[in-house]
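# Working through the structure, step by step
The primary structure of each chain is shown beneath.
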Amino acid sequence: MFQKILIANRGEIACRVIRTARAMGIATVAVYSDADASAPHVRLADEAIRLGPAPAAESYLKAELILAAAKATGADAIHPGYGFLSERESFAKACAEAGVTFIGPPPNAIAAMGDKIESKKLAKAAGVNVVPGYLGEIADTEEAVHIAAEIGFPVMMKASAGGGGKGMRLAWSEADVREGFEATKREGLASFGDDRVFIEKFIESPRHIEIQVLGDQHGNIVYLGERECSVQRRHQKVVEEAPSPFVTPEMRRAMGEQAVALARAVGYYSAGTVELIVSGADTTGKSFYFLEMNTRLQVEHPVTEEITGLDLVEQMIRVAAGEPLSFTQDEVTLTGWAIENRVYAEDPYRGFLPSTGRLVRYNPPAEERDDAIRVRVDDGVAEGGEVSMFYDPMIAKLVTWAPTREAAIDAQIAALDAFEIVGPGTNIDFVSALMQHPRFRSGGLSTGFIAEEYPKGFQGAPSSDELTRTLAAVAAFAATAEADRARRIDGQLGHRLQPPADWTVRIGGADHQVNVSTDGLIVDGAALDLAIAYTPGDRMIAVEDEAGETLHVRIARTRTGFRLTTRGTSHTVRVLPARAAPYARHLIVKVPPDLSRFLIAPMPGLLVRLDVAEGDPVEAGQQLAVVEAMKMENILRAAKTGIVKTISVKTGDSLAVDAVILELE
């Protein structure tokens, strides 16, 4: 077994690998960029080596620096995690040449599966279902039109070396092919240095289902069930679960056997994932097709661990050390249901714009492990740390397990309510809303789920009348506690005043009359049997109903009341003493200023391009600038027609959120 492992990664996955290595009695080495000098993975490891500046291209992506760190610390193995160098054939080879074990598959398997066209040919030869399509090189647009017509519309045009949702275009007609083929070639060349494009049949009502495989260096390969990863946004996974609500035991066996056949065909060992696209419209379950193979550990591997009881990182380490698998396919069991939500630093209320900054508060839900429910948080951040613009926006992975899918979903909702993050915006409300959505709960998923259910963006989960009345009671109770504290401070309210008992609480434009007394809570004339504990200054309130169910509500003071966040929605609540509320209509409403003449940075980021100069005329909707944040480019457009009056920044500047880029006249 290895004596010391270097983790060639950062954040959550680095912490994840370190924890398993420590449990196995193996020393660990962390590497870090300047942006991560104080990161949790650096403190968690036994040793740490600086790589270089914050940009990944100057630190985590420099193989020579990683290998130099391994040599300097005497590490005898390297775990690449996911992303960065994890699927670089050249890095796996360089490790072997340096005498360091690469904890992953052999270089030839990485190479074979890294090319989308070649991997599909290999899959077909191995007896794996492949999507009907054309895998040869396509000379020009006319040939592309001819091929698409033969396959039958709709078709998907994909860059051969593509990934992460880049270099993909859907064509419903010949016109779409003519319009998009050359653009797909250009995207492939610009992003991956390869302009080859292939065309395949587009699967309607598609589900993204993947099979986890695990092999050793002695020819043993098993599959560990499937993961449903259909809930995606812009081709990026948001929610994963295992098993899939769509897959039958017969379908699982067929998928698993084909995945093992593919792995065996390329001499695969270590952990890997065979991704499949499945037709949700075919209830027979036979319409599943090979998409690609990820020759690394997947972000969503915890859901497989929770239902199998296996530690995949430990298995990867043991396989790399030459040990055979300690179990056979017949001994693999799937128990219960596990769901993972990715908590991202992004603002779902503002079109999911990336959000960076300091984690002023970071309190994840408490981890639980028993026979009824398990709550697991995989993260690599800490309170006071920085969510950087240089890396992926994922803050944490929240995983819940329960004996049934419904119980696992309910556990997610409760855990998300208890997740406190202050600083950058997060998608916690959004993923909570997904968990509550009737279509998600029914299992009727497809990769178009988010786009179909939220076509106009996200504005919060709908709240039931019961929840609204509970929040009105919470707000009035908190206001009473605040008033009671105020009267106890000498000179503020005098000695004889009592806090108001009657309150008018406005939520979502509707007023609720609430009475708070020692006898209990009355909302709109009806008693509510709630147990509420609140001390002024608390950031979280636990509300227990008469059935013993607990609701966690995050609370923050505002000028006229509170901001209450729970069950996937943030409510701005106005709270006034009932006797004063009627006079509120006489208050002057502050009209927000017209900012349409300004181009404002919607998120912190790097200004990579300015497309206009002072004095240039612009039209409404015209592209004016490009801001890069969280590895994504965001195009900023003019809100109105005008002439550029002044430009306040220059290309290459780092922008704060709401920074003025230019002004129109």
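Our subject in this report is the structure included herewith.

About the cut-offs
Residues numbered from 1 in each chain as written. Predicted model: local features only at pLDDT ≥ 70, side-chain atom pairs only at ≥ 80, totals over all residues. Heavy atoms only, no water. Phe/Tyr/Trp six-rings, centres within 6.5 Å; stacked < 30°, edge-to-face > 60°. Buried < 20%, exposed > 50% of the residue type's maximum accessible area, 1.4 Å probe, protein only. Lys NZ or Arg CZ within 6 Å of the ring centre and 35° of its normal. Pairing = 2+ DSSP bridges. Helix = DSSP H or I, 4+ residues; strand = E, 2+ residues; numbered from the N terminus. Core = buried A, V, L, I, M, F, W, Y, C linked by side-chain atoms within 4.5 Å. Contact = heavy atoms within 4.5 Å.

Our focus in this paragraph is the packing of aromatic side chains. Here the structure, examined in full by the defined rule, presents eleven aromatic pairs. Aromatic pair Phe 390 and Tyr 391: ring centres 6.3 Å apart, planes at 55°, arrangement tilted. Under the relative-accessibility criterion, Tyr 391 is labelled buried at 2%. Aromatic ring contacts, followed pair by pair, group Tyr 349, Phe 352, Phe 430, Tyr 454 and Phe 458 into a single cluster. Here the guanidinium or amino end of Arg 374 rests over the ring plane of Trp 401, the centre of that ring lying 3.9 Å away. Its end group placed over the ring of Phe 562, Arg 557 keeps NZ or CZ at 4.6 Å from the ring centre.

Strand order in this open sheet of nine strands is 14-13-10-11-12-15-23-21-20, and the pairing throughout is antiparallel. With one partner strand each, in any of the chains shown, strand 14 (288–294) and strand 20 (368–369) form the two edges of the open sheet. Sheet topology places strand 21 (residues 374–379) next to strand 23 (residues 394–402); six bridges connect them, and they run antiparallel. Note on strand 23: the bridge partner recorded for Asp 379 is Ala 396.

Looking now at the nonpolar core. If you look at the biggest cluster of nonpolar residues, it comprises 37 residues, and the most contacted ones within it are Leu 434 and Met 435. Elements with a contribution of two residues or more to this core: strand 12 (236–242), strand 15 (337–344), strand 21, strand 23, helix 12 (405–417), helix 13 (428–436) and helix 15 (449–453). In terms of residues, this core owes the most to one element, helix 13, which gives six residues. Counting 32 residues, the second-largest nonpolar core is a separate cluster that includes Ile 103, Leu 224, Ala 320 and Met 394.

An order of 3-2-1-4-5 is seen for the five strands of this open sheet, with the pairing classed as parallel. Edge positions in the open sheet fall to strand 3 (47–52) and strand 5 (101–102), since each of these has one partner strand only. Here four bridges tie strand 1 (residues 4–7) to strand 2 (residues 27–33), and the two strands are oriented parallel to one another. From the neighbouring strand, Ile 7 faces strand 2, where its bridge partner is Ala 30.

So, on to the environment of Gln 258. In this fold, Gln 258 is placed in helix 9 (residues 249–265). Taking the C-alpha atoms as reference points, Gln 258 and Val 128, 130 residues apart in sequence, are found 5.4 Å from one another. In this structure Gln 258 touches Gly 127, Val 128, Asn 129 and Phe 288, once residues within four positions along its chain are discounted.

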